[in-house]
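# Structural characterization, general
Here is what each chain is made of, one letter per residue.
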Amino acid sequence: MVRDRGIFLSILPATAGERRLALAVVGVSLLIFLGLVPYASAPLAHIDAFIPAYESAVVINDLITTVLLFGQFTITGKRGLKFLACGYLFTSLIALGHMFSFPGLFAPGGLLSGGAQTTVWLYMFWHAGLPMMVLCYALNRQNGATATGAALKGDAHDAGARTLRAICYVLAVVAAILILTTLGHDAMPVLLVVVDGAPNYTPAYRILVAAICLLSLFALAMTWRRKPHSVLDLWLMVVMCAWIFDIALSAMLNQRRFDLGFYAGRLYGLMAASFVLLVLLVETRTLFSRLARSLDRRAGELREANDALRQGEERLKQLNETLEQRVAERTRQIEAQAQEREHIREIMLESQKLEAVGQMAGGIAHDFNNLLTIIMGNSGFLEDRLSPGPEQQAAGTMTRAAERGARLVRQILAFSRRQSVKPEAIDLVTRAPELVDLLQRSTRGDIRVVADFPEDLWPVECDAAEFELALMNLCVNARDAMPGGGLVRIHARNLAKGSRLEPGANTVGGLAPDPDGNCPRDFIRLAVSDTGTGIPPALLAKVFEPFFTTKEVGKGTGLGLSQVYGFCQQAGGAAEIASAPGEGTTVNLILPRAGAAVEADPPAPVHSAASRSGGMILLVEDDEEVAAATATILGMIGYHAQHVRNAGTALALLLGGQRFDLMLSDIVMPGGMNGIELARKVRHHFPWLPILLTTGFARPAAEVQQAGFHLIAKPYNAASLLDAITKARAAATSAAEGTG
């Protein structure tokens, strides 16, 4: 009747086949009823054992149905199920009281009797209780999906408490009825009078029976109106039909106890107590089968559960044990998921904190670059003009300090992911000897650097210069952590998409997994391990923060690991560090797999005669001091500069016919037109004029490259500026020859 559709019958819509089956049951029951009506008063043999056998079966059926309905109520939270379960509990208890009060069964006047009317009144309460609760169920139209959702959010415990309260209410009502029909027997209206040894029904009896029958009909009608009908609705209507046949045969059409109507009506009552139970048991078996299949087809447990389901209370016990196992397993899964979510949350919080610090540091890098441009230009000029001696040495010291500051700013930009990058495919297996030689020179003689790259290692995609800088920073940190010498081991392995990401102990950072906890794409994990002193757990969470260092004052800038972090993030990967005091440190660079094959290094460009130094340069720069320093540097490399402060003035000079050999323009300028917009206008009007753009920001780099202009980043010295000007002039000459 209930197929394996995965939800409770209180929610499951009835199918056409189930409707036909229920209609057939009602039809057969009606035909039998109509056939029994003419003979309802026919006397039959007085069988005393029939009453305890019949009512014991009713009590057992109703109690099992009660347990199943309360179980579904605690899971789904549907109040209608609570009313229905209370109705079956009430009928089972009243039927038990009716059996103990039946005269001549256990005692001449019944074990539990206050008089001749006790049994009759208990019958009336018995047959009025169930239709009343069915009516309450039908009038309750709580949405099943909403109730189930509420239970899943934590209302199951509250539903259990409501179940206990409902049971207490039913027990109290039954106790009150028993007291009323025994101790208060004499105050109750007379329903049955024995005249000449034969029972006669009073008008009060007939009115009460008619009222109970009408109540049952009303409950049937209200259940019919509850559309769309669920499977439970369908079989409750069948129960109400059997209930009406029971009342009609055993309380209206018969003449006395133990006639045909008496026996037949109680058989209908037993059927009414069995229909919903049979459907619930079939549904319970279906749900248990689904549960057993989900637990890796444990055939032994499935057989035990099926046996238990066929044996009443034992089946319920076995089902509860299996459900407890499932709850325990689900609890373990939830705890594991909670731990994983907590780990991911910590990673996200750490990333957000580092991102905020990086944004602040990247925001001030532009001003530092301008200041360093001024320092490098003037110190380079002094160093070039002064005679050898203390003054020239001082100027050289200033130049080197400015270059060191430029490197620090570059590390800040790398951390904040605002450094312009040129991603390319790098074959680590091929470059292993070169990397080892480079890194060995950044350490001491008592430290050995070894690389372990498998032959099937995938190429990585990142900026080669930033990659080498990250490895050098890690080797310098390893060198400082091993004052007595040691080993730096660089090893790598492929990290395939879908592989499990397990967070290690004493680990900070790492790759964010996909929702299933797996690697979201192909990566290469490059680990740099040392045998140094290690890092305490209290400091490990801060090592990626800029300007944080565990070294002594004056021995570290605190930007090495922050550059590593920013480089990995900008490359599309992640950085991860694991360390413990006395056990050394391992830093993992998790970099994306290259999507294209590794290309050979391009040949060095050959500059034409047009790239030689010398000529007039239009310098567009809003900062006077930066412009003065740039003009000084241009003079050192053989160029003259005419300075203007904004793009509008520069464009006016060019349109006025003044000739220049190159335009050098800052990108970020006031006045409504930035350097890129100026370059586009100049190229439109003067396509032959070489253009070189400069900025202290890194964000415009991608836009400059897309527009096809050359870019030099601040700060710059004479050599780098000469090289950039030469390339820009050579590119302009090549473009002019191509169009000519």
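Just above, that's the structure.
This section reports on the structure supplied with the text. Counting of residues starts from 1 at the beginning of each chain's written sequence and follows it residue by residue. Selection of residues for local features in this predicted model requires a pLDDT of at least 70, selection of side-chain atom pairs for listing and counting requires 80 or more, and totals for whole chains, interfaces and linings are taken over all residues. With hydrogens and water stripped out, all remaining heavy atoms of the structure feed into the side-chain values.

### A look at the pairing of strand 11 (residues 615-620)
Strand pairing requires that DSSP identify at least two bridges connecting the strands. What counts as a helix is a DSSP run of H or I of at least four residues, what counts as a strand is a run of E of at least two, and both are numbered from the N terminus. Across six bridges, the pairing between strand 11 and strand 12 (residues 639-644) is parallel. Counterpart to L618 in the pairing with strand 12 is Q642. By the criterion used throughout, a crossover qualifies as right-handed when its path from the first strand across the helix to the second strand runs clockwise, the strands pointing away from the viewer. In terms of handedness, the path from strand 11 via helix 16 (residues 624-636) over to strand 12 forms a crossover that is right-handed. Judged from the four bridges that link them, strand 11 and strand 13 (residues 662-666) form a sheet pairing that is parallel.

### Brief notes about the packing of aromatic side chains
A pair of Phe, Tyr and Trp rings is counted when the ring centres sit within 6.5 Å of each other, with Trp represented by its six-membered ring. The angle between the planes then sorts it: under 30 degrees is stacked, over 60 is edge-to-face, the rest tilted. Summed over the entire model, instances satisfying the criterion amount to ten aromatic pairs. Here the aromatic rings of Y54 and W126 are separated by 6.3 Å at their centres, their planes lie at 35°, and the arrangement is tilted. In this pair, Y54 sits in helix 2 (residues 50-76) while W126 sits in helix 4 (residues 118-139), placing the two residues 72 residues apart along the sequence. Seen in terms of ring centroids, Y123 and W126 are 6.1 Å apart; in terms of plane orientation they differ by 75°. Their pairing is edge-to-face. One end of the pair, Y123, and the other, W126, are both in helix 4, three residues apart, so they sit about a helical turn from each other. Exposure class is identical for Y123 and W126. Each is buried. Every member of this aromatic cluster is reached through a ring pair, and the members are F50, Y54, Y123, W126, F262 and Y263. Note on criteria: charge over ring means Lys NZ or Arg CZ within 6 Å of the ring centre, with the direction from the centre no more than 35 degrees off the ring normal. Between R521 and the ring centre of F523, over which it is positioned, the NZ or CZ distance is 5.4 Å. Across from the ring centre of W688, 4.1 Å away, lies the NZ or CZ of R659, which sits over that ring. Any residue under 20% of the maximum accessible area for its type is buried, any over 50% is exposed, and the rest in between are partly exposed; the area is computed with a 1.4 Å probe on protein chains only.

### Section: unusual backbone geometry
Following K227, the chain continues into P228 via a peptide bond in cis, with omega recorded as -5°. By the secondary structure assignment, P228 is in the loop between helix 6 (203-225) and helix 7 (231-253). The omega torsion of the bond from K714 to P715 falls at -5°, within 30 degrees of zero and hence cis. As for its position among the elements, P715 is in the loop between strand 15 (710-713) and helix 20 (718-739).

### Re the packing of helix 4 against helix 7
The interhelical angle for the contact between helix 4 and helix 7, taken along N-to-C directions, is 155°, at an axis separation of 11 Å. It follows that helix 4 is roughly antiparallel to helix 7 by the angle criterion. Here helix 4 and helix 7 pass one another in a crossing that is left-handed. Between helix 4, through Y123, W126, H127, L130, P131, V134 and Y137, and helix 7, the contact on the second element is made entirely by L232, D233, L236, V239, M240, W243, D246, I247, S250 and A251. Each residue is assigned to one of three groups, with Ala, Val, Leu, Ile, Met, Phe, Trp, Tyr, Cys and Pro labelled nonpolar, Asp, Glu, Lys and Arg labelled charged, and all others, Gly among them, labelled polar. Considered class by class, the residues forming the contact of helix 4 with helix 7 number 13 nonpolar, two polar and two charged. Axis lines are fitted to C-alpha atoms, over the contacting stretch for helices. Their N-to-C directions set the angle, which ranges from 0 to 180 degrees. An angle below 35 degrees is treated as roughly parallel, one above 145 as roughly antiparallel, one from 65 to 115 as roughly perpendicular, and anything else as oblique. For any pair of crossing helices, the crossing counts as left-handed if the nearer helix is rotated counterclockwise from the farther one by less than a right angle, and right-handed if it is rotated clockwise. A contact between two residues is defined here by any heavy atoms of the two lying within 4.5 Å.

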